[in-house]
Protein chains: 2
Amino acid sequence: MPAPIDFYFDFSSPYGYLASQKVEALAAKHGREVLWRPILLGVMFRQTGVLPLVDIPLKGAYSRRDFERSARFHGLPPFNMPSRFPIPSQAPARIVLWQRARDKAAVARLVGAFYRAFFVDDIDISAPDHAVAVAAKEGIDSAAARAAIDDPAIKEALKQDVDGAIARGVFGSPFVFVDGEPFWGLDRFDQIEKWLATGGF
Amino acid sequence: MPAPIDFYFDFSSPYGYLASQKVEALAAKHGREVLWRPILLGVMFRQTGVLPLVDIPLKGAYSRRDFERSARFHGLPPFNMPSRFPIPSQAPARIVLWQRARDKAAVARLVGAFYRAFFVDDIDISAPDHAVAVAAKEGIDSAAARAAIDDPAIKEALKQDVDGAIARGVFGSPFVFVDGEPFWGLDRFDQIEKWLATGGF
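Draft legend 1. Representation of the overall build of chain A. The secondary structure content of chain A amounts to 10 helices and four strands. Moving toward the C terminus, one meets the helices and strands of chain A in the order β-α-α-β-α-α-α-α-α-α-α-β-β-α. The C-alpha radius of gyration of chain A comes to 16 Å, within 12% of the 17 Å expected for a compact globule of 201 residues. With the C-alpha coordinates of chain A rotated into their principal frame, the extents come out at 50 × 45 × 35 Å. Expressed as a percentage of contacts within chain A between residues at least 6 apart in sequence, the contacts between residues at least 24 apart total 70%.

Shown next, in the form of structure tokens:
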């Protein structure tokens, strides 16, 4: 079995959401698994000095239009700009890390549920109670999910993962590695596809 | 005949270069012409507060890798990061504006020649003498091209075009409008293709 695809994403990232709906099928087509790796873009933005997309003059207005158009283009449910955006995404990120260690196969569905809650149903998943409620709908025990958010070991694991991602050069979401080769954005899925099919170009 | 596609680009933009090699074929396939509209990214960056891509921590290193990989992916000549980058692109931009008014059909070839000089052959086309020499190889009279660079009317026309582009929301290169719909980046050529084929989605 070849190595899994590393899929780095922030729950507050619109393009991370769009890409999350596409990456499993892409990986499966080429006999790969997806390693779901939540990150915290705020930490990266402090490294790069970059502002959140929607806060940049001109670029912000375009981006809001592009999120909606891109969701239509990719055949996804109507994109709904959250009332509060961006959000800190520690709560859902920690639940994902915890769940990944318990049941790797169920993580894709959980990630999809969090993302759709935020970008389709406008649920503020930064609030622990909301994050736990979304996870509960996916069959995850509420008390255990709530405990995961406050677990010092999981907090530390997320911090280490974010630092490790930066050390690998990750600066945005989604960010994918295929056998060490870095690809930023849903926009690079065409190149990822060719890389997977040919082993590099 | 439907309206031409507006193709905004800066000669100092790697992705503008890559897209310039693709846009004529895309437009022709859908019975459209390309209106080549040189802009000056430096002016836009003052509006958005954004740094040139290669100067951003983490993003810079990735971008250099992505320029080369994307050129390979799109079947273009090896991308060669210019010794001096970014450059102010007034000289080639003004020659293009002047030539567009004289012979619209010849502009695509001239743009291609400037871009390849810069991103393949490492010729600093910001220098008027170099820009004129590249244009001369495309059959353009050297004295006339040199005069165009210093022509106050053309300087003013370029300034107006850049201001007009910002007023339309242009903040990067390449930037395309299809019947008023804005698309940023070579990465949106798949959506442009669908928009042209279907009239919107």
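This is not the end of the story, as more comes after the structure.
Draft legend 2. Structural detail: the relation of the copies chain B and chain A. Relative to chain A, chain B is turned by 180 degrees and slid 0.0 Å along the rotation axis, the superposed coordinates differing by an RMSD of 0.0 Å. What the rotation and shift describe, once combined, is the action of a two-fold rotation axis. Scanning chain B for the C-alpha nearest the rotation axis identifies Asp187(B), at a separation of 2.8 Å. The fraction of interface residues of chain B whose copies in chain A are also interface residues reaches 100%, indicating that both copies meet through the same surface.

Draft legend 3. Examining the sheet that holds strand E4 (residues 181–184) of chain B more closely. Residues and elements named next belong to chain B. Strand order in this open sheet of four strands is E2-E1-E3-E4, and the pairing throughout is mixed. The sheet is open, and its two borders are formed by strand E2 (34–38) and E4, each paired with just one other strand. Within the sheet, the average angular offset between the axes of one strand and its neighbour, ignoring direction, is 20 degrees. The pairing of strand E1 (residues 5–9) with E2 spans five bridges and is classified as parallel. By the bridge assignment for E2, Tyr-8 is matched with Arg-37.

Draft legend 4. Examining the packing of helix H5 (residues 90–102) of chain A against helix H6 (residues 107–119) of chain A more closely. Residues and elements named next belong to chain A. Close contact between H5 and H6 brings their axes to 10 Å; oriented N to C, the two are set at 170 degrees. As far as their axial angle goes, H6 and H5 are roughly antiparallel. Contacts between H5 and H6 involve Pro-92, Val-96, Gln-99 and Arg-100 from the first element and Val-107, Leu-110, Val-111 and Phe-114 from the second. Within the contact of H5 with H6, the residues separate by chemical class into six nonpolar, one polar and one charged.

Draft legend 5. Fine view of the interface of chain B and chain A. Listed per partner, the contact involves 20 residues of chain B and 21 residues of chain A. Mapped by element, the contributors of at least two residues to the side of chain B that touches chain A are helix H3 (41–48), helix H4 (59–73), E4 and helix H10 (189–198) of chain B. Looking at the side of chain B that touches chain A, the element that brings in the most residues is H4(B), giving six residues. The residue inventory of the side of chain B that touches chain A, partitioned by class, reads 11 nonpolar, four polar and five charged.

Draft legend 6. A look at the environment of Ala131(B). Residues and elements named next belong to chain B. By the secondary structure assignment, Ala-131 is in helix H7 (residues 128–137). Distance from Ala-131 to Asp-6, taken between C-alpha atoms, is 23 Å for residues 125 residues apart in sequence. Not counting the four nearest positions on each side in its chain, Ala-131 is found in contact with Ala-91, Pro-92, Ile-95 and Ile-125.

Draft legend 7. The environment of Leu41(B), seen in detail. Residue and element names in this part refer to chain B. In this structure, Leu-41 sits in helix H3. Looking at Leu-41, the number of C-beta atoms within 10 Å reads 26, which means it is buried. Those residues in contact with Leu-41, other than ones at most four positions away along the chain, are Asp-10, Ser-12, Ser-13 and Ser-173.

Draft legend 8. Fine view of the pairing of strand E1 (residues 5–9) of chain A. All names here are of chain A. By the criterion of burial, E1 is predominantly enclosed, with four of the five residues buried. Judged from the three bridges that link them, E1 and strand E3 (residues 175–178) form a sheet pairing that is antiparallel. Bridged to Asp-6 within E3 is Phe-177.

Draft legend 9. Quick peek at the environment of Val162(B). Residue and element names in this part refer to chain B. Secondary-structure assignment places Val-162 in helix H9 (residues 152–167). Residue class for Val-162 comes out buried when judged on the 22 C-beta atoms lying within 10 Å of it. With near-sequence residues (within four places) excluded, Val-162 lies in contact with Ile-39, Leu-40 and Val-43.

Draft legend 10. Summary view of H5(A). Residue and element names in this part refer to chain A. In this model H5 runs 19 Å from its N-terminal to its C-terminal C-alpha over 13 residues, within 8% of the 18 Å that 1.5 Å per residue would give. With 10 of its 13 residues buried, H5 lies for the most part within the structure. Taken together, the buried positions of H5 are Gln-90, Ala-91, Pro-92, Ala-93, Arg-94, Ile-95, Val-96, Leu-97, Trp-98 and Gln-99. Looking at the buried positions of H5, the neighbouring elements they touch are strand E2 (34–38), H6, helix H7 (128–137), helix H8 (142–150) and helix H9 (152–167).

Draft legend 11. How the structure looks around the sheet that holds strand E4 (residues 181–184) of chain A. Residues and elements named next belong to chain A. One open sheet accounts for four strands, arranged E2-E1-E3-E4; its pairing is mixed. A single partner strand is all that each edge strand has here, and the edge strands are E2 and E4. Looking at each pair of strands side by side, their axes are set apart by 20 degrees on average, direction ignored. Where helix H10 (residues 189–198) meets the sheet, its contacts fall on E3 and E4, and the angle it forms with E3 comes to roughly 15 degrees.

About the criteria used
Residues numbered from 1 in each chain as written. Chains lettered and ligands numbered in written order. Predicted model: local features only at pLDDT ≥ 70, side-chain atom pairs only at ≥ 80, totals over all residues. Helix = DSSP H or I, 4+ residues; strand = E, 2+ residues; numbered from the N terminus. Rg over C-alpha atoms; globule rule 2.2 N^0.38 Å. Contact = placed C-beta atoms within 7 Å. Least-squares fit on C-alpha atoms with pLDDT ≥ 70 in both. Pairing = 2+ DSSP bridges. Axes fitted to C-alpha atoms, helices over the stretch in contact; angles between N-to-C directions. Parallel < 35°, antiparallel > 145°, perpendicular 65-115°, else oblique. Nonpolar A, V, L, I, M, F, W, Y, C, P; charged D, E, K, R; others polar. Buried ≥ 20, exposed ≤ 12 C-beta atoms within 10 Å, placed from the backbone. Expected span 1.5 Å × (residues − 1).

The analysis is restricted to geometry; functional conclusions fall outside its scope.
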